[in-house]
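In case you want the letters, here they are:
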Amino acid sequence: MALLHEKLYKTYDLGKIAFRDYVESLVTDLFRSYKADGTLVDYALEIKDIFLSIDRSLPCGLIINELVSNALKYAFPQKRKGRITISFGLQGNGVYEMSVSDDGIGFPADIEFENTASLGLQLVNSLVEQMNGSIKLTRNGGTNFYITFPK
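Report on the accompanying structure.

Thresholds, definitions, all that
- Once a new chain begins, its residue numbering starts again from 1 and follows that chain's sequence as written.
- For this predicted model, a pLDDT threshold of at least 70 governs which residues receive local features, and a threshold of 80 or more governs which side-chain atom pairs are given and counted, while totals over whole chains, interfaces and linings are taken from all residues.
- The side-chain quantities take in all heavy atoms of the structure and omit both hydrogens and water.
- In this text, helices come from DSSP runs of H or I with a minimum length of four residues, and strands from runs of E with a minimum of two, each type numbered from the N-terminal end.
- In this setup the radius of gyration rests on C-alpha atoms only. A globule is expected at 2.2 Å times the number of residues raised to 0.38.
- The contact definition used throughout considers only heavy atoms, calling two residues in contact when any of these lie within 4.5 Å.
- All accessible areas in this document rest on Shrake-Rupley with a 1.4 Å probe, and a residue is counted as covered only by the protein chains that are shown.
- All tallies of charge rest on Lys and Arg as positive and Asp and Glu as negative; His and the ends of each chain are not included.
- By convention, charge coordinates are those of NZ in Lys, CZ in Arg, CG in Asp, or CD in Glu.
- Throughout this description, the term nonpolar core refers to a set of buried Ala, Val, Leu, Ile, Met, Phe, Trp, Tyr and Cys residues connected via side-chain atoms within 4.5 Å.
- Type-normalised accessible area, obtained with a 1.4 Å probe on protein chains alone, sets the label of each residue: buried when under 20%, exposed when over 50%, and partly exposed for intermediate values.
- At least two DSSP bridges between two strands are required for those strands to pair.
- Every axis corresponds to a line fitted to the C-alpha atoms, with the helix fit spanning only the stretch in contact, and the corresponding angles, defined between N-to-C directions, vary from 0 to 180 degrees.
- Roughly parallel covers angles under 35 degrees, roughly antiparallel covers those over 145, roughly perpendicular covers 65 to 115, and oblique covers all other angles.
- We call a crossing left-handed when the near helix sits turned anticlockwise from the far one by less than a right angle, and right-handed when that turn is clockwise.
- Lys, Arg, Asp and Glu make up the charged group, whereas Ala, Val, Leu, Ile, Met, Phe, Trp, Tyr, Cys and Pro make up the nonpolar group; the residues left over, Gly among them, are polar.

The subject of this paragraph is the overall build of the chain. Within the chain, the secondary structure is distributed over four helices and seven strands. Taking 151 residues into account, the globule formula puts the C-alpha radius of gyration at 15 Å, and the chain, at 15 Å, falls close to it. With the principal axes as the frame, the chain shows a C-alpha extent of 45 × 30 × 30 Å. Sequence-distant contacts, at least 24 apart, represent 67% of the contacts inside the chain between residues at least 6 apart. In the structure as shown, the chain presents an accessible area of about 8,500 Å², 50% of it carried by carbon and sulfur atoms. Side-chain charges of the chain comprise 16 positive and 18 negative groups, with the mean position of each set lying 4 Å from the other.

Here is the structure:
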């Protein structure tokens, strides 16, 4: 939340956030906070230059925060190397597409992410629902959460 406020103060239009810059700062802070070894786990951003309203930036930032945190905590045990990729873009049909993926050990097959006791994943599902969006999980070659929501 503080990061979002900082980005707002640095922009000329207080209603819009340069989303790529926001996500880059957020992910950099998460890597630092989790003391992630950048020689083992790195990240890639595939985010177009999009300006989002605060009403979209905040829930998207919270979702990214939770999913990247989970990847840093669980996807790369025992000094496994890997990458976390965050992508975001607006499609021609007026739908935003966002994904947070990693090439780690994969999301456990016995956990239903839509009905879990994990407070973080409950938050992710609630935020997606609040944005009238949808969320899918694929587990091949790691973990990929794919989220869509209307502009």
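Once that is clear, we can look at the nonpolar core. Residues Phe19, Ile63, Ile64, Val68, Ile84, Ile86 and Phe88 are the most contacted members of the largest nonpolar core, which totals 41 residues. Residue assignment for this core shows that the elements contributing at least two residues are α2 (19-33), β2 (41-47), α3 (54-75), β4 (82-90), β5 (95-102), α4 (119-130), β6 (134-138) and β7 (143-150). Top element by residues in this core is α3. It accounts for eight residues. With residues near it in sequence (within four places) discarded, Phe19 still touches Ile47, Ile50, Leu52, Ser57, Cys60, Ile64 and Phe88.

Within the open sheet, the five strands sit side by side as β2-β4-β5-β7-β6. Their pairing is mixed. At either end of the open sheet lies a strand with only one pairing partner, and these are β2 and β6. Strand-to-strand twist of the sheet, defined as the mean angle between neighbouring strand axes without regard to direction, takes the value 10°. Pairing geometry for β4 and β5, over seven bridges, is antiparallel. Note on β5: the bridge partner recorded for Thr85 is Ser101. Docked against the sheet, α3 engages β2, β4, β5 and β7, running at close to 15° with respect to β5. Of the strands in this sheet, β6 and β7 touch α4, which is tilted by about 135° from β6.

Further remarks concern unusual backbone geometry. When glycine is set aside, most residues are seen to have a negative phi, and most peptide bonds are trans. At Lys79, a position not held by glycine, the phi torsion is positive, near 60°. Position of Lys79 relative to the elements: it lies in the loop between α3 and β4. Even without glycine at this site, Asn132 takes up a positive phi of about 60°. Take Asn132: it is sitting in the loop between α4 and β6. Judged by its relative accessible area of 64%, Asn132 falls in the exposed class.

A word on the packing of α2 against α3. In contact at an axis separation of 10 Å, α2 and α3 are set at 30° when each is read in the N-to-C sense. Classed by the angle they form, the pair α2 and α3 counts as roughly parallel. Between α2 and α3 lies a crossing of right-handed hand. Of the residues in α3, those touching α2 at Phe19, Tyr22, Val23, Leu26, Val27, Leu30 and Phe31 are Ser57, Cys60, Gly61, Ile64, Asn65, Val68, Ser69 and Leu72. The class makeup of the residues in the contact of α2 with α3 is eleven nonpolar, four polar and no charged.

This part takes up the pairing of β5. Burial analysis of β5 places six of its eight residues in the buried class, which makes it a mostly covered element. If you look at the hairpin formed by β4 and β5, you'll find four residues sitting between the two strands, and Gly94 has a positive phi there, around 80°. Where β5 meets β7, eight bridges bridge the pair, whose relative direction is antiparallel. Residue pairing in the sheet places Asp102 in a bridge with Thr143 of β7.

What is shown is where atoms sit, not what they do.
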